[in-house]
Every structure is written in C-alpha cells, then in structure tokens.
Amino acid sequence: MELRILPTSVIGSYPKPRWLLRAYNLYSLGRLPEEDFREAVRDASVAVLREHERAGIDIPWDGEMGRSEMTEHFTAKIKGFRFYGPVRVWGNAYFNKAAAVSKLEYSEPLVLDEFLWVKANTTRGVVKVPVTGPYTIAEWSFNEYYPSKEELAFELAKILNREFKLLEKEGANFIQLDEPAMLNHPDEVPIAVEAINRAVKGVRVKFGLHVCYSNYHLLADHFDELKVSQFALEFANRNFRDMDFLKKLTHGELGFGAVDVHNPRVESPEEVARAIRKVMNYVEPERLYVNPDCGLKLLDRRIAYQKLVNMVRGVDIVRRELAREGKETIPFRRSA
C-alpha cells in the first residue's frame, strides 16, 4: 500500500458534539435508554470521522466518541477491576479510577466494535486505532491484588495482546499505544518498555507509540528496544525546540506533533510548513508522519477542526516542495 508522503493523522480524542455530551449526561442519570445512547455515539462517530476526512486527514479516527476517559474505557471492560468513585486529576477534572481487586481477565473485546464501525464508515484505506497502553493503565489504577505494578502491567499487556490479535484478524492495520505515563518514573521505564513489547508480540500490524509532555531524551535511550514502528510525539507545545534526541531515531518513523492542542490559537499553514522543514533536518521525509501534539478534545470544536485544516495545508506546502525532488509517495510500513 502506498500513501502520500508526509501522511497526516490524528492522535485520538476530539471534541464531542454538544448534543452528544447532553446524551452522556442523560444516560448517566438513567433518563436515556441505552439503545438511544448507542445510536447517538454512532452518529457522532460518523460526524467526526467525516470532519477529519473533510479537513484532509489521511489516517483518521472517530475522535473516541464512545469513550468517556482514556483508562476508564478499558478498565470497565476488563474483569477484575472495580470502581470506587471519581478522583480529582486537577482543578475540577475528575475520572473514575479503577482498582485491580482480583486476577484480571479478558472477558470481552475492548475496542473491536469501535474499529469495525469506523472501518465500515470511512472513505480512507487506513485508520489508526488508539489504545491506552499497559503501563499507563497500571500507573493510573489502584493495585489491590498484584504483588507489584510490574506484574499488573504485564497482566494488562497479555490482555491487550489478545485484543490486538483480534483486531488484526478483523483487518486493523495501524494501532497506536498511548503511554503518557511511561516516563513518569525513570526507574520504571524498563518495565514500561517490556510491557509494551509483550503487548505487541506476535501481532503483524503497524504499531505506533504516543508519549506526550515527557522527557524525550529518556525515551530516546529506548528507541531501539521498543518493538513499534512509529513514535508519535509532541513538538508544537515545546515551540519546536530541543530536537537533538531525534538523532537516536535512526530507523523508526516519527509522528510529528505540529499543532499545539493546549493553545486555542490556530497555527497558520506557513508555520506548520516551517516546523516540518525544521524536523526534516533530523528525520528524512520518508519516515515522517504529521499529527497534532495530542488529542484535541479540550479545544472548542471549531478551533480543533481549523487546526487540522491548517495542519494539512501546511503539509501540502511541503509536499509540493518534495514533489519537485520526485518524492510523492511512501510505502505503508507495518513492521518495526
């Protein structure tokens, strides 16, 4: 399969339509039947998918319309977790933090329905399936059963591996592991690396790893150990400074974070193009994908959409420059 050079993608989350947020509230209060709620989620999924495609995104997703939070979605489906109630993350932001209270078991598919729905409704040949990684789920859960966080993370890796094999069987070709917590404790990074490698073992799809707002010099020390083919990282929030760690990315692909998801200012296409030219001093364009820094869900929907539009326009500026050098397409690489 061939893709246009500098393929554009999203990281995962996207602002939910206001009517879907109302449906979530009504459903949580028991005032909306489950069938109606599921239909609302599916409708929002298609609406956001079309929005991504209209913006020009090459590798879309549905913005995680069916997920309330990045760990709760998974722990709610894994047998052995129990919820005690919401905990505060910061300010007035809360999430339901689960506790592992017994042996974890794979009891139902985790994201298969989402993938099949997006696959059936997209116009694109490739979609990216974002999945929260084993270390982050372990780090962001209470552990009341396993002797260590390491054993909890490895058990989660086993469960995710089963899901990934099912996704592969059903036609998935690009899975992104979200591991925002993997660099929180430098002494535990080897545990996170091993958990990720166990999760992807024996699965022949393209794996990306998304890590945001972290010490990338620490991550770079493990580039060659991680069995993924792409690292999706944030750069816009750092004003595209401190890229020297990319010298250690000698063969893998880079998912280049070109727009800041925490700043409502919409970058111009020319700004995006300048940033891409800068990163090409470290990573050749044949190994470069372009995406936002992270999920866009915290932004106003109109702003999120315009950021994607301008990101694609900036990519197109550089594509025209590369075309003059005879560089127009790249193969879709699956393996690390």
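A brief report on the enclosed structure follows. From a predicted model like this one, the values you see are computed outputs, not experimental measurements.

1. Some thoughts on the nonpolar core
Part 1 of the reasoning: One finds F164, M182, L254 and F256 to be the most contacted residues of the largest nonpolar core, which totals 114 residues.
Part 2 of the reasoning: Those residues in contact with F256, other than ones at most four positions away along the chain, are L233, F235, F240, M243, A275, I276, V279, L288, Y289, V290 and N291.

2. Remarks on the sheet that holds strand β4 (residues 129–132)
Part 1 of the reasoning: Strand order across the open sheet formed by six strands is β4-β6-β7-β8-β9-β10, with parallel pairing between neighbours. The open sheet has two edge strands, β4 and β10 (288–291), and neither has a second partner. Put simply, the sheet's adjacent strands are angled 25° from each other on average, direction ignored.
Part 2 of the reasoning: Alignment of strand β9 (residues 253–257) against β10, held across four bridges, turns out to be parallel. Following the sheet pairing, G255 is matched in β10 by Y289.
Part 3 of the reasoning: In the packing of helix α6 (residues 149–169) onto the sheet, the strands contacted are β4, β6 (174–178) and β7 (206–211), and the crossing angle to β4 comes to about 170°.
Part 4 of the reasoning: Sheet strands in contact with helix α9 (residues 269–279) are β9 and β10, and its direction is about 150° off that of β9.

3. With respect to the packing of helix α2 (residues 34–55) against helix α4 (residues 112–121)
Part 1 of the reasoning: Where α2 contacts α4, the axes come no closer than 10 Å and their chain directions differ by 50°. Comparing the axis directions of α2 and α4 gives the class oblique. When the axes of α2 and α4 are compared, the crossing they make is right-handed. On α4, the residues that touch R42, S45, V46, L49 and R50 of α2 are W117, V118 and N121.

4. A look at the packing of α2 against helix α10 (residues 301–323)
The relative placement of two packed helices is expressed as an angle between their axes plus a distance between the axes.
Part 1 of the reasoning: Contact geometry of α2 with α10 gives a least axis separation of 8 Å together with a crossing angle of 35°. Taking contact as the criterion, the partners of A47, E51, H52, R54 and A55 in α2 are, on α10, R301, Y305, L308, V309 and V312.
Part 2 of the reasoning: When grouped by side-chain class, the residues that make up the contact of α2 with α10 number six nonpolar, one polar and three charged.

5. Points about a nonpolar patch on the surface
Part 1 of the reasoning: Together, V89, W90 and L298 line one region of the surface with nonpolar side chains, adding up to about 350 Å² of accessible area.
Part 2 of the reasoning: Tracing the backbone shows W90 in strand β2 (residues 78–90).
Part 3 of the reasoning: Overall, the relative accessible area of 56% leaves W90 in the exposed class.

6. Considerations on unusual backbone geometry
Part 1 of the reasoning: Non-glycine residue E64 carries a positive phi angle of around 60°.
Part 2 of the reasoning: Using a relative accessible area of 11% as the deciding quantity, one classes E64 as buried.

7. Points about a negative patch on the surface
Part 1 of the reasoning: Judged by side-chain charge, E35, D36, E39 and D43 come together as a negatively charged surface patch.
Part 2 of the reasoning: Within the secondary structure, E35 sits in helix α2.
Part 3 of the reasoning: Exposure remark for E35: the relative accessible area of 65% places this residue in the exposed category.

8. Describing the packing of aromatic side chains
Part 1 of the reasoning: Under the definition given, this model contains twelve aromatic pairs.
Part 2 of the reasoning: Seen in terms of ring centroids, F174 and Y289 are 6.5 Å apart; in terms of plane orientation they differ by 80°. Their pairing is edge-to-face. Of this pair, F174 sits in strand β6 while Y289 sits in strand β10, placing them 115 residues apart in sequence. With respect to class, F174 is no different from Y289; both count as buried.
Part 3 of the reasoning: On the numbers, 4.6 Å between centres and 55° between planes, the contact of F223 with F231 is tilted.
Part 4 of the reasoning: Pairwise contacts between aromatic rings join Y216, F235, F240, F245 and F256 into one cluster.
Part 5 of the reasoning: In this structure, K206 is placed above the aromatic ring of F332, and the distance from its NZ or CZ to the ring centre is 5.3 Å.

Criteria and thresholds
- Counting restarts for each chain: residues are numbered from 1 in the order of the written sequence.
- The model is predicted, so local features are restricted to residues of pLDDT at least 70 and side-chain atom pairs to those at 80 or more, both for listing and for counting; the totals for chains, interfaces and linings are taken over all residues.
- To get the side-chain values, all heavy atoms of the structure are used, and hydrogens and water are removed first.
- Residues belong to a common nonpolar core when they are buried Ala, Val, Leu, Ile, Met, Phe, Trp, Tyr or Cys residues joined through side-chain atoms within 4.5 Å.
- In this scheme, a residue with accessible area under 20% of its type's maximum is buried, one over 50% is exposed, and one in between is partly exposed, where area comes from a 1.4 Å probe on protein chains only.
- In this analysis, two residues are considered to be in contact whenever any of their non-hydrogen atoms come within 4.5 Å of each other.
- A strand pair is defined by DSSP finding two or more bridges across the two strands.
- Here a strand is any run of E in DSSP of at least two residues, a helix any run of H or I of at least four, and the numbering for each starts at the N terminus.
- To define axes, lines are fitted to C-alpha atoms, for helices over the stretch in contact only, and angles between the resulting N-to-C directions are given on a 0 to 180 degree scale.
- Any angle that is under 35 degrees is reported as roughly parallel, and any over 145 degrees as roughly antiparallel; angles of 65 to 115 degrees are reported as roughly perpendicular and all others as oblique.
- Take the far helix as your reference; a near helix turned counterclockwise from it by less than a right angle gives a left-handed crossing, and one turned clockwise gives a right-handed crossing.
- By the convention adopted, Pro, Cys, Tyr, Trp, Phe, Met, Ile, Leu, Val and Ala count as nonpolar, Lys, Arg, Asp and Glu as charged, and the other residues, Gly among them, as polar.
- Exposure above 30% relative accessible area and no salt bridge define the residues that can form patches, which grow by joining like charges within 9 Å and nonpolar side chains of Val, Leu, Ile, Met, Phe, Trp and Tyr within 5 Å.
- Here the accessible surface of atoms and residues is derived via Shrake-Rupley with a 1.4 Å probe, and residues count as covered only by protein chains that are part of the display.
- The salt bridge criterion pairs a side-chain nitrogen of Lys or Arg with a carboxyl oxygen of Asp or Glu, the two atoms within 4 Å.
- Positive charges come from Lys and Arg, negative ones from Asp and Glu, while His and the chain ends are left out of the count.
- Charge positions come from single atoms, namely NZ of Lys, CZ of Arg, CG of Asp or CD of Glu.
- Centres within 6.5 Å are what make two rings of Phe, Tyr or Trp a pair, Trp counting through its six-membered ring; a difference in plane orientation under 30 degrees is then read as stacked, over 60 as edge-to-face, and the rest as tilted.
- Two conditions define a charge located above a ring, namely a distance within 6 Å from the ring centre to NZ of Lys or CZ of Arg, and an angle within 35 degrees of the ring normal.

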